[in-house]
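# Coordinate inspection notes
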Amino acid sequence: SWWAGGAEGWVLERSVEQAVNCLEGLLLEMQSQPSAQSGGIVQKIERLAHDIRQHPERDWDFEAEADKLEISVAHLRRVFPEVIHMPPAKFLKKERLAMSQSLLRDTDLPVSQIAEAVGFPSLHHFSRVFTERYKLPPARYRQLTVRARA
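The rules we used
- Residues numbered from 1 in each chain as written.
- Predicted model: local features only at pLDDT ≥ 70, side-chain atom pairs only at ≥ 80, totals over all residues.
- Heavy atoms only, no water.
- Helix = DSSP H or I, 4+ residues; strand = E, 2+ residues; numbered from the N terminus.
- Buried < 20%, exposed > 50% of the residue type's maximum accessible area, 1.4 Å probe, protein only.
- Contact = heavy atoms within 4.5 Å.
- Core = buried A, V, L, I, M, F, W, Y, C linked by side-chain atoms within 4.5 Å.
- Phe/Tyr/Trp six-rings, centres within 6.5 Å; stacked < 30°, edge-to-face > 60°.
- Expected span 1.5 Å × (residues − 1).
- Arc of directions from axis to C-beta.
- Axes fitted to C-alpha atoms, helices over the stretch in contact; angles between N-to-C directions.
- Parallel < 35°, antiparallel > 145°, perpendicular 65-115°, else oblique.
- Left-handed = near helix turned anticlockwise from the far one by under 90°.
- Nonpolar A, V, L, I, M, F, W, Y, C, P; charged D, E, K, R; others polar.

Moving on to the overall build of the protein chain. Per the secondary structure count, the protein chain includes eight helices and zero strands. Counting helices and strands in the order they occur from the N terminus, the protein chain gives α-α-α-α-α-α-α-α. Across the 150 residues of the protein chain, 29% fall into the buried class. Sequence separation of 24 or more characterises 55% of the internal contacts of the protein chain that already satisfy a separation of 6 or more.

Time to look at the nonpolar core. Judged by nonpolar contacts, the single largest core of 18 residues is most densely connected at I45, L48, I52, L76, F80, I84 and F91. Those elements that place two or more of their residues in this core are helix 2 (41-54), helix 3 (62-69), helix 4 (73-84) and helix 5 (88-106). The contacts of F80, once residues within four sequence positions are left out, are I45, L48, A49, I52, H85, M86, P87, P88 and F91. Grouped together as the second largest cluster of nonpolar side chains are twelve residues, L104, V118, F130 and Y141 included.

Below, the discussion takes up the environment of P87. Structurally, P87 is set in the loop between helix 4 and helix 5. Taking C-alpha positions, P87 is 9.1 Å from L76, a pair spaced eleven residues apart along the chain. Each residue touching P87, except ones within four places of it in the same chain, is listed here: F80 and P81.

As for its placement among the helices and strands, E65 is situated in helix 3. Classification of E65 by relative accessible area gives buried; the value is 12%. If we skip the residues at most four places from it in the chain, E65 touches L48 and W60.

With that settled, the discussion passes to the packing of aromatic side chains. Applying the stated criterion to the full structure yields six aromatic pairs. Note on F130 and Y134: the rings are 4.7 Å apart at their centroids and 50° apart in plane angle, and the pair reads as tilted. Here F130 pairs with Y134, and both are found in helix 7 (residues 123-134), just four residues apart, close to one helical turn. The exposure class of F130 is buried, given its relative accessible area of 0%. An aromatic cluster of three or more residues is present, and its members are F120, F126, F130, Y134 and Y141.

What follows is about helix 4. Its twelve residues give helix 4 an end-to-end C-alpha distance of 16 Å, which sits within 8% of 16 Å, the value for a rise of 1.5 Å per residue. Among all positions in helix 4, only H75, L76, V79, F80, V83 and I84 are buried. Angularly, the buried residues of helix 4 cover 125° about the axis, an arc narrow enough to put them on a single face. Elements in contact with the buried residues of helix 4: helix 2, helix 3 and helix 5.

Our next topic: the packing of helix 2 against helix 5. Where helix 2 meets helix 5, the axes come as close as 9 Å, and the angle between the chain directions of the two elements is 30°. Here helix 2 lies roughly parallel to helix 5, going by the angle between them. Note on packing geometry: the crossing formed by helix 2 with helix 5 is right-handed. Counted together, A49, I52 and R53 of helix 2 and F91, L92 and E95 of helix 5 form the full contact between these two elements. Split into classes, the residues belonging to the contact of helix 2 with helix 5 amount to four nonpolar, no polar and two charged.

In structure tokens, the structure reads:
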């Protein structure tokens with residue numbers, strides 16, 4: 001066998017061992033770094049989150065947003081939570097609910113108009129999601145917050 005070549009074989013074996021150790025170290029280092037840190041993607045994701053906060057009512061298409069960021073939708077769904085700490089759809093729902101709270105508290109708009117204004121596809125869907133999150137239907141939430149302001 002070529003490993004039995006005395007000192008030369010030992011040097012070759014050590015070189016291979018060092019190369020393997022070096023590669024293992026690089027792989028471990030790469031694993032410990034979030035994939036979001038490559039190519040300025042963090043700033044792009046933060047900008048997308050800012051745009052969602054400003055306009056949660058839009059009909060957001062995360063495939064189209066991924067295309068704009070020049071990444072795959074799978075990568076967007078993997079990286080967005082690393083930067084924003086929740087998946088994009090959940091973040092969008094949170095922002096829509098936050099806007100609906102403000103509108104319920106600060107306006108006299110009918111609940112159906114608020115549901116539409118914040119981007120929910122129907123009053124029923126909005127009421128179900130709002131009640132799930134806040135343990136109160138939107139109309140009851142409005143009654144309690146208006147009473148608290150009075």
